[in-house]
Amino acid sequence: MITFDKLKIVADIQAIKVCDETRFEFIEKDGIVCSLRYYQEHPFLLMIKVDYECGEVVIEFCGKILGKDYPQLISKDTILQCFQAIDALGFCKVDVDAMMDAEVVKCDVTKDIPVADVSQVTDYIRSHIRNYQQYLCRKMRNGNVVVEKNVVSKKTKKRMTIYDKGKEMQRSANRPFVEEYGLEDAFSGMCRFELNLDSKEQIRRSLRIADTKLMTVLSSDADPISDFLDAAVEPRETVPMTDKKSYLTMLVLKDCDYDLEKVEAKMRELTPSRGTSIRDMMKPYKAMMEKMGSQQESEVWEDVRRKLK
């Protein structure tokens, strides 16, 4: 079942009833109220915009809206609970049937899996990018690894973040939420994979659906996280270092600080011919890195892939 940690949906204005306008910010144009806006970040993200000009309501919320059931994430099994949490705030009332016909315009497809060492998983991904020009891979200061498809168009852009969810929930900003809902150990040892889809076309393509109606999105049987990893990450077989070629391969890796991205940049610099396959040229360096990483890393990655299925 597909799960999400964030949804942004657009519905007909009749899908919500405002019970207390004083909780909203009034947005005026020429002295006339054209929309109402509500925004909060704690204890969970919630944005509601009632747009009178467009005749629509925009709602964005994250999985923390589920409270103690946050580990279940947003899905077709928990979406009603999400709307009930909005109703419980007391200043508006959601028409669930109408909201199910809303359009999903942005979403974060999310999956948490247990792993022994999250850094081992993220290091493997960083050293096994299939093509460093097609996919940008960055390690952030907080330890998160971001893999992004290197394209200009928003319609085809994809971005995945992989990180230690247990550590993230231990941060001071999350402590009140964790303590309030008794989630102290809920994410311990969990590695989160979060795929950001920021356009309706990207949602349709990634989820393999014909439209982006909320119920259609929640009912998708696609596996976009695995699809993205299959395209971006290249598992490789090991090779023995038993000859001069292997020795020279190791020297190049050492000169480039064992950073495959630096190796690829150097190969492109030294190989101006357009007819040369950079992917083929990189194979011995990637294979040697695989050998250095040991068979254990490959087994860890295979276990990750099994758990993501």
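Counting restarts for each chain: residues are numbered from 1 in the order of the written sequence. Where local features are concerned, this predicted model is filtered to residues with pLDDT of at least 70; where side-chain atom pairs are given and counted, the filter is 80 or more; whole-chain, interface and lining totals use all residues. By convention in this description, side-chain values take in all heavy atoms of the structure and omit both hydrogens and water.

(A) Representation of the overall build of the protein chain. Helix numbering and strand numbering both begin at the N terminus, where a helix is a DSSP run of H or I of at least 4 residues and a strand a DSSP run of E of at least 2. For the protein chain, the count of helices and strands is eleven helices and twelve strands. For the C-alpha atoms alone, the extent of the protein chain along its principal axes is close to 75 × 45 × 35 Å. Residue exposure (1.4 Å probe, protein chains only): buried if accessible area is under 20% of the type maximum, exposed if over 50%, otherwise partly exposed. Residue burial in the protein chain is summarised as follows: out of 309 residues, 47% are buried. A sequence separation of at least 24 residues applies to 66% of the contacts in the protein chain between residues at least 6 apart. On the protein chain, roughly 15900 Å² of surface is accessible, and the fraction owed to carbon and sulfur atoms is 47%. We score Asp and Glu as negative and Lys and Arg as positive, and we do not count His or the chain ends. The atom standing in for a charge is NZ when the residue is Lys, CZ when it is Arg, CG when it is Asp and CD when it is Glu. Placing the 50 positive and 53 negative side-chain charges of the protein chain at their respective mean positions leaves the two points 6 Å apart. Note on definitions: a residue-residue contact is assigned when non-hydrogen atoms from the two residues lie within 4.5 Å. Only the protein chains shown count as covering a residue, and every accessible area follows the Shrake-Rupley method with a 1.4 Å probe.

(B) Local environment of the side chain of Thr212. Of note, Thr212 is situated in the loop between α6 (200-207) and α7 (214-218). Assessed through its relative accessible area of 1%, Thr212 is described here as buried. Those residues in contact with Thr212 that lie beyond four places of it in its chain are Ala102, Glu103, Val104, Lys200, Ile203, Arg204 and Val217.

(C) Quick peek at unusual backbone geometry. In the segment running from His42 into Pro43, the intervening peptide bond is cis, with an omega of 0°. Tracing the sequence through the fold places Pro43 in the loop between β4 (32-40) and β5 (46-51). In this model, Arg208 sits at a positive phi of 55°, which is unusual for a non-glycine residue. Following the sequence through the fold, Arg208 ends up in the loop between α6 and α7.

(D) Expanded view of the sheet that holds strand β8 (residues 103-114). The ten strands are arranged β3-β4-β5-β6-β1-β8-β12-β11-β10-β9 in an open sheet whose pairing can be described as antiparallel. Looking along the sheet, the strands with just one partner apiece sit at the ends: β3 (25-29) and β9 (135-139). With direction set aside, neighbouring strand axes in the sheet form an average angle of 15°. Being paired, for any two strands, means DSSP has found at least two bridges between them. Relative to strand β6 (residues 56-62), strand β1 (residues 4-12) runs antiparallel, the two being bridged by seven bridges. Residue pairing in the sheet places Lys6 in a bridge with Cys62 of β6. Every axis in this analysis is a line fitted to C-alpha atoms, fitted for helices over the stretch in contact. Angles between the N-to-C directions lie between 0 and 180 degrees. On the sheet, helix α1 (residues 79-88) packs against β1, β5 and β6 and is oriented at approximately 105° with respect to β6.

(E) View of the environment of Ala232. Mapped onto the secondary structure, Ala232 falls in helix α8 (residues 224-232). The contact partners of Ala232, leaving out residues within four places of it in the chain, are His128, Ile129, Arg130, Tyr135 and Val147.

(F) Fine view of the pattern of salt bridges. In the sections that follow, a salt bridge refers to a side-chain nitrogen of Lys or Arg positioned within 4 Å of a carboxyl oxygen of Asp or Glu. In the structure shown here, the tally under the stated rule is 26 salt bridges. Here Asp112 ties to Arg192 by a salt bridge, and the two come within 2.7 Å at their closest N and O atoms. With Asp112 in strand β8 and Arg192 in strand β12 (residues 190-197), the pair connects residues that are 80 residues apart, well separated along the chain. As a salt-bridge pair, Asp280 and Lys283 come within 3.5 Å of each other at their nearest N and O atoms. Residue Asp280 and its partner Lys283 are both found in helix α11 (residues 278-308); the two are separated by three residues, about one turn of the helix.

(G) Representation of the side chain of Ser35 in the model. Residue position: Ser35 is located in strand β4. Sequence-distant contacts of Ser35, defined by excluding residues within four places in its chain, comprise Glu25, Phe26, Ile27, Lys49, Val50, Asp51 and Tyr52.

(H) Structural view of the packing of aromatic side chains. Geometry of aromatic contacts follows a simple scheme: Phe, Tyr and Trp rings, the Trp one being its six-membered ring, pair when their centres are within 6.5 Å, and the pair is stacked under 30 degrees between planes, edge-to-face over 60, tilted otherwise. Taken as a whole and judged by the stated rule, the model has nine aromatic pairs. On the numbers, 4.4 Å between centres and 40° between planes, the contact of Tyr38 with Phe91 is tilted. One end of the pair, Tyr38, is in strand β4; the other, Phe91, is in the loop between α1 and β7 (92-94), with 53 residues separating them in the sequence. Like Tyr38, the residue Phe91 is buried in the burial classification. Relative to Tyr181, the ring of Phe177 lies with its centre 5.0 Å away and its plane at 50°, an arrangement referred to as tilted. Of the residues examined, Phe177 reaches a relative accessible area of 5% and is grouped as buried. Charge-over-ring contacts are defined here by two conditions on Lys NZ or Arg CZ: a distance within 6 Å of the ring centre and an angle within 35 degrees of the ring normal. One residue, Lys64, lies across the ring of Phe177, its end atom 5.4 Å from the ring centre.

(I) Just the nonpolar core, in detail. What we call a nonpolar core is a set of buried Ala, Val, Leu, Ile, Met, Phe, Trp, Tyr and Cys residues that are connected through their side-chain atoms within 4.5 Å. Counting residues in hydrophobic clusters, the biggest one holds 80 residues, and the most contacted among them are Ile48, Phe61 and Phe193. Here this core takes eight residues from α11, the largest share from any one element. The contact partners of Ile48, leaving out residues within four places of it in the chain, are Ile16, Phe24, Leu36, Arg37, Tyr38, Val57, Val58, Ile59, Ile86, Phe91 and Cys92. The next biggest cluster of nonpolar side chains, apart from the first, holds eight residues, and it includes Tyr70, Phe177, Val178 and Met190.

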